[in-house]
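Structure at a glance
Take a look at the letters that make up each chain.
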Amino acid sequence: MSHVDQSGFTEKRSFCRICTGVCGTVVTVDQNERIVAVRGDNDDPQTMGFICSKGAGAADAHYSDERILHPLKRMPNGKFERITLEQALTEIAEKLKTILDRDGPEAIAAYRGSGGFFTAICLSLLPNWMQAIGSPKLFSTLTIDQSAKVVAAGRLGYWPAGMQRFQTADVSLLFGSNPLVSIAHLDTRNPLKRLKEAKARGLKLIVIDPRRTETAKFADVFIQPLPGNDALIAGALLRIILDEGWHDVEFCDRYVGDLTELRAALEPFTEQFVEQCADIAPGSLREAAEVFAHTGTRGLAGTGTGPDMSAFSNLTEHLVQTLNVVCGRFIREGEEVSNSGFLVGRGPRQAGVMPAPRPWEHGPKSRIGNYGLIGGEMVTGVLADEILQPGVGQVKFLLNHGGNPAQAIPDQRKMVKALRSLELMVSIEPYMTPSAALSDYILPPKLHYERADLPIYIFETIFFPTPYTRYTAKVVEPPVDSEVCDEWYVLWSLAQRLNRPLTYMGVPLDMQTPPTEDQLLGITAKDAPVPFDEIKRQTLGCFYDGEKQIALPPDAMTSGKFSTMPDDVRDEVAALLKASLDAKQNFSFRMISRRTRHRFNSFGFAAQPGLKRLLPHNFAYMNPADMAALKIADNGWIKVESDNGAITVIVQAEDGVRSGVVSISHGFGGLPDEDDFIEDGASTNLLISTDRDLQSINAMPRMSGIPVNIYAVTAPLRNAVPAKTTTPTHATSKTSSPASAAVG
Ligand SMILES: Nc1nc2c(c(=O)[nH]1)N[C@H]1C(S)=C(S)[C@@H](COP(=O)(O)OP(=O)(O)OC[C@H]3O[C@@H](n4cnc5c(=O)[nH]c(N)nc54)[C@H](O)[C@@H]3O)O[C@H]1N2
Ligand SMILES: Nc1nc2c(c(=O)[nH]1)N[C@H]1C(S)=C(S)[C@@H](COP(=O)(O)OP(=O)(O)OC[C@H]3O[C@@H](n4cnc5c(=O)[nH]c(N)nc54)[C@H](O)[C@@H]3O)O[C@H]1N2
Ligand code: SF4
Ligand SMILES: [Mo]
C-alpha cells in the first residue's frame, strides 16, 4: 500500500522491528520523505491493528536530536569528532589488522545486543563475519536472557516435530513472564486480543509470578511465590502429577528413559515443604497440577525471564520442560506440524526423541571458566573477565552491534572497567548510550524504517503458528545530510579491507563490489518455500499454504529417549535442596526483574521524549504493607543494597507486588559513579555479581530474586530536584538509616 492523501502525505505499509511483536504498521510520510506518524495496521492479518507506545513513537526515534547522524571518532582529548564512514572503516580495519597480527583472532570479540537481532541480514552476517575473522568470540544477550532454554533442550533431548501450541491449547502454565507487556510469550501477535480469544474458547491460564502482573489478572490459577523458588515449584508439580498418575503413561513408557529416577529425585519436593519455602497457600500446587495435567489436555508449561534469571535457572527450566515431557505435550506422528518453517527452511520433522546432544560439551571453550558454546556463542557472563584478565586470547577489540553492554550486562562496575580497558571498541549504535560513550568509533546505522527487512526469523516457528514471513521495503530515506550506515556494509567492508572473504548463509559474497540489500535479503530467503520475488509482492506478509507437513515416524536419529534426570541435573537438585534448607536470611528482600510498557530495555530513553514523559526513570515497586513497615512514603527514596553494590531509587506502592519483594526494571542509569539517579534512574546491574552466582554450563548470572536490604533515605523529591550537575546521588547513602530487618 502506498497512497497519497489530499495534504500530500503518503501512507506506507511496513512492520515495526523494536520487539518480537513485529506489528504491522501504517507509516504516514510527508512531502519531505519524513515519517510524521505511525499507527497499527488494522488490515494486518497477524497483529490486527495492535501497536504500542514504542512503535507509535518511531518518528521521535528517527528524528530525535539525540540521534547520531555521522560516524564519530573519539579523539585523544576524549571528545568525539565527525569522521567519514570510509575513513572510519579504514582506520578500524588498520587497527584490527594490528591486533589480529599481534594477538590472533581470539583477541577479536563481538557483542550482539537486541538492536542487532532485529536486522534480518546481520542475524547471520555477524556470525559469518566472525567466522571470516576466525574468532569464536561472538557474545550476545542470549546468555544474559533465557539461554536456560537451550541448556534444557540440550540436556533433555529434542523432538523435531515440535511442541503443542498456545493457539490450540486448553491450558497454559506460565512461570514468570508478562506477555501482555513484553510481547514475548503465549501469542505475540496482538497479545491481549489473542489471550481473550483463547480464554473465550476455554483456555485455562495458570500464572506463577511474585507480582500480580497485567497477564496474571487473566489467570484462572495464580500463585504468588517468593522469587527464586520455581525449581522447587516445578519439582513439586511433577511429583504430584506422577503420584496421581496424571502424566501420559504411554508416552513416558515409550519416550522417557529415566522416569523412576526422576520420581526418586523428587521425593523431597513435598507439597508442604515447597509451599513453605515459596510462602504460598496450602493446596495451591495441587490445584495448579490438576488444572495443567488432569483437566488440561493440550498446552505447554513455559517460562519467561523471571525464572530463567533467578538462582537455579537451568534446573528450573529443565523441570518446567519436564512437565511438558511427562504430559507428552508434543506433536505426534501423523499430526500436522503447525509451523514447519519459512525462512529457516523445512527440514524433516520426526515425532521421536533425538537424545540429549549437550552441544556445549564439544567444540571451543571459553578462556575464562571453560564454558562451551551456547547456541553457537560464547557466554556473556564471562565477557568482562575475557577482556580484563591478561594472557593468550585476551580480548582486545569489541564490536558492539546494537547493544548497550555498559548498561545491560550484570556486574556493571566490572563490565564498564572492562570496556574502558579495551584497545579498540566500535559500536554500531544510533544514540549516545553509556556504551557508545565508551567506544573509540561510533558508526550510526539506518533505523528500521530506513531499511528493507524481513522479520526476526530465528523465532519464526515459535511466534507464528503457521509458516509466514514478510518483506518490507524501506519506508523513508535517512535524514538529509546524514551519513548513517547499512549495518551489513560495515561487516562486508571491514572483511574486504582485511582481505577476509565473507560467506553469507553458505553463499560466498563478491568481495570487490558490495552486494545490495535486496541481494542479501534474497539469500536470507533462499530456503523459503516461496520465491523471494513472490514474498516481496505480498505487501501484507506471505503465508505458505502449500504442502502441509505431517510429523514422521521416528528414524535412526530420533529413536532415543528423553533424559529427565542426568547426573548434573541430579547434582543441581541436591544443591537446590541444600540451599533451601540452609537459607540464611542476611537480606530481607528479593529484588526481581520486570519489563515496562514504554521502554525496550534501555532503548528509546534519551531518544524519545514522549516515552520519557510516560516513564521518566525506573521506580522501585513495593507492597504498601512493606513500605508502611519501613516507614517509606510513596515517591520516597530508598537505597537498595545487595552483596555487590547499592542503588538509590524512588519507590512506588503497588498492591500486586508481594510482600518481601521489590520489583525494578533494568536498562536505566548511566555509568557507575556518574549516575544521575533522578534523570536516568539507576542500573540494577550494579547489584549483580559475575564473580559468584553463575550457573554451570551457560554462566548465567543471578539477575532476579537478588537478596537485598532496603533502607529509607532522605533525598529530594522528584519535583524538587535541582539541575543534573548538582543532584545528590551516592551521597544519599550517607544519610541512610537501616530499616530492613522489619520485613522478610
Ligand atoms: N539486571 C538486568 N539486566 C538485564 C536484564 C534484566 O532483566 N535485568 N535483561 C537482559 C536481557 S533479556 C537483554 S535482551 C539485554 C539487552 O541488552 P542490550 O541489547 O545490550 O541492551 P539494549 O538496551 O536492548 O540495547 C539495544 C541497543 O540497540 C540500539 N538500537 C536500536 N535500534 C537499532 C538498530 O536498528 N541498529 C543498531 N545497530 N542498534 C539499534 C539501541 O539504541 C540500544 O542502545 O539486557 C539484559 N540485562
Ligand atoms: N515493553 C517491553 N517489552 C519487552 C522488553 C522491554 O524491555 N520492554 N524486553 C524484551 C526482552 S529483551 C525480553 S527477553 C522479553 C522478556 O519477556 P518476559 O520474560 O515476559 O519479561 P517480563 O515482562 O519482565 O516478565 C518477567 C516476569 O517474571 C517475574 N519474576 C521475576 N523473578 C521471578 C521468579 O523468581 N520467579 C517467577 N515465577 N517469576 C519471576 C516478574 O515479576 C515478571 O512479571 O521481553 C521483551 N519485550
Ligand atoms: S515495539 Fe510495540 S509496536 Fe513495535 S513490534 Fe513491539 S509491540 Fe509492536
Ligand atoms: Mo531479552
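This text follows the structure it describes.
Okay, so let's go over this structure. What you see is a predicted model, and the numbers here were worked out from it, not measured in a lab. (Residues numbered from 1 in each chain as written. Chains lettered and ligands numbered in written order. Predicted model: local features only at pLDDT ≥ 70, side-chain atom pairs only at ≥ 80, totals over all residues. Heavy atoms only, no water.)

**Digging into the pairing of strand S24 (residues 661-664)**
- Going residue by residue along S24, you find Val-661 and Ser-663 tucked away on one face and Val-662 and Ile-664 tucked away on the opposite face as well.
- Strand direction decides the pairing type here: strand S20 (residues 589-592) and S24, joined by 3 bridges, are parallel. Bridging across to S24, Arg-590 finds its partner in Val-661.
- Pairing of strand S21 (residues 620-622) with S24 involves 3 bridges; the strand directions are antiparallel. Bridge assignment links Tyr-621 to a residue of S24, and that residue is Ser-663. (Buried < 20%, exposed > 50% of the residue type's maximum accessible area, 1.4 Å probe, protein only. Helix = DSSP H or I, 4+ residues; strand = E, 2+ residues; numbered from the N terminus. Pairing = 2+ DSSP bridges.)

**Some details on the sheet that holds strand S15 (residues 441-443)**
- Strand order in the open sheet formed by 7 strands is S6-S5-S15-S14-S13-S7-S8, with mixed pairing between adjacent strands. Every other strand in the sheet has two partners, leaving strand S6 (80-82) and strand S8 (138-140) as the edge strands with one partner each. Neighbouring strand axes in the sheet, compared pairwise and without regard to direction, differ in orientation by 20° on average.
- Where strand S7 (residues 108-112) meets strand S13 (residues 397-401), 5 bridges bridge the pair, whose relative direction is parallel. When the bridges of S13 are listed, Ala-110 appears paired with Leu-399. (Axes fitted to C-alpha atoms, helices over the stretch in contact; angles between N-to-C directions.)

**Notes on the pattern of salt bridges**
- Taken as a whole, this structure holds 49 salt bridges when the rule is applied.
- Here Arg-367 and Glu-386 are joined by a salt bridge, their closest N and O atoms 3.4 Å apart. Placement of the pair is Arg-367 in the loop between helix H15 (313-326) and helix H16 (383-388) and Glu-386 in helix H16, with a sequence separation of 19 residues.
- Glu-386 sits in the buried class, given a relative accessible area of 0%.
- A salt bridge links Asp-527 to Lys-526; its shortest N-O distance comes to 3.3 Å.
- Asp-527 gets classed as partly exposed once you look at its relative accessible area, which sits at 45%.
- Connected through shared salt-bridge partners, Arg-155, Arg-358, Glu-361, Asp-568 and Glu-572 make up one network. (Salt bridge = Lys/Arg side-chain N within 4 Å of Asp/Glu carboxyl O.)

**Focus on helix H21 (residues 487-497)**
- Of all 11 residues in H21, 9 are buried; the element is thus mostly enclosed.
- For H21, the complete set of buried residues consists of Glu-487, Trp-488, Tyr-489, Val-490, Leu-491, Trp-492, Ser-493, Leu-494 and Ala-495.
- For H21, the secondary structure elements touched by its buried residues are helix H3 (85-103), helix H5 (120-133), S13, strand S14 (424-428), S15 and helix H22 (517-524).
- Asn-499 occupies a position one or two residues after H21 and carries a positive phi of about 60°. (Contact = heavy atoms within 4.5 Å.)

**Topic: the nonpolar core**
- Counting residues in each nonpolar core, the largest one holds 76 residues, and the members touching the most others are Trp-129 and Phe-397.
- Residue contributions to this core peak at 10 residues, all from H5.
- Both domains that meet at this core, namely domain 1 (2-51) and domain 2 (72-140 + 372-406 + 413-543), each give it at least three residues.
- In this structure, Phe-397 is in contact with Ile-92, Leu-96, Ile-99, Ala-107, Ile-108, Ala-109, Trp-129, Leu-422, Leu-424 and Val-426, ignoring residues within four places of it in sequence. (Core = buried A, V, L, I, M, F, W, Y, C linked by side-chain atoms within 4.5 Å. Domains from an automatic or database assignment.)

**Here we look at the packing of H3 against H21**
- Between H3 and H21, the shortest axis-to-axis distance is 9 Å and the interhelical angle comes to 50°. Relative to H21, the element H3 lies oblique. Viewed along their axes, H3 and H21 form a crossing whose handedness is right-handed. Contact residues: H3 offers Leu-85, Glu-86, Leu-89, Thr-90, Ile-92, Ala-93 and Leu-96, while H21 offers Tyr-489, Val-490, Ser-493, Leu-494 and Arg-497.
- When grouped by side-chain class, the residues that make up the contact of H3 with H21 number 8 nonpolar, 2 polar and 2 charged. (Parallel < 35°, antiparallel > 145°, perpendicular 65-115°, else oblique. Left-handed = near helix turned anticlockwise from the far one by under 90°. Nonpolar A, V, L, I, M, F, W, Y, C, P; charged D, E, K, R; others polar.)

**Concerning the site of ligand 2**
- Taken together, 32 residues sit near ligand 2, with Ser-182, Asp-209, Asp-230, Arg-599 and Asn-601 positioned nearest.
- The protein chains hide 95% of the 920 Å² of surface that ligand 2 would expose on its own.
- Grouping the amino acids of the shell around ligand 2 by side-chain chemistry returns 7 nonpolar, 16 polar and 9 charged.
- Here the shell around ligand 2 spans two domains, since at least three of its residues come from each of domain 3 (163-329 + 561-568) and domain 4 (585-713). (Near = heavy atom within 4 Å. Areas by Shrake-Rupley, 256 points an atom, 1.4 Å probe, with all protein chains shown as cover.)

**Looking at unusual backbone geometry**
- With a phi angle near 65°, Asp-411 is a residue other than glycine that sits in the positive phi range.
- Note that Asp-411 resides in the loop between helix H17 (405-408) and helix H18 (412-421).
- Note on Asp-411: relative accessible area 6%, which makes it buried.
- In this structure, Lys-631 takes a positive phi of about 55° despite not being glycine.
- The residue Lys-631 is located in the loop between helix H26 (624-629) and strand S22 (637-641) in this model.
- Here Lys-631 falls in the exposed class, since its relative accessible area comes to 74%.

**Quick look at helix H24 (residues 567-582)**
- Compared with the 22 Å implied by 1.5 Å per residue over 16 residues, the 23 Å span of H24 between its first and last C-alpha is a close match.
- Of all the residues in H24, the buried ones are Val-569, Glu-572, Val-573, Leu-576, Leu-577 and Ser-580. The buried residues of H24 occupy an angular sector of 135° when projected down its axis, which confines them to one face. For H24, the exposed residues lying more than 90 degrees away from the buried face are Asp-567, Asp-571, Lys-578 and Leu-581.
- In the core, the buried residues of H24 are packed alongside helix H6 (148-156), helix H9 (230-244), helix H11 (259-265), helix H12 (271-278) and H15. (Expected span 1.5 Å × (residues − 1). Arc of directions from axis to C-beta.)

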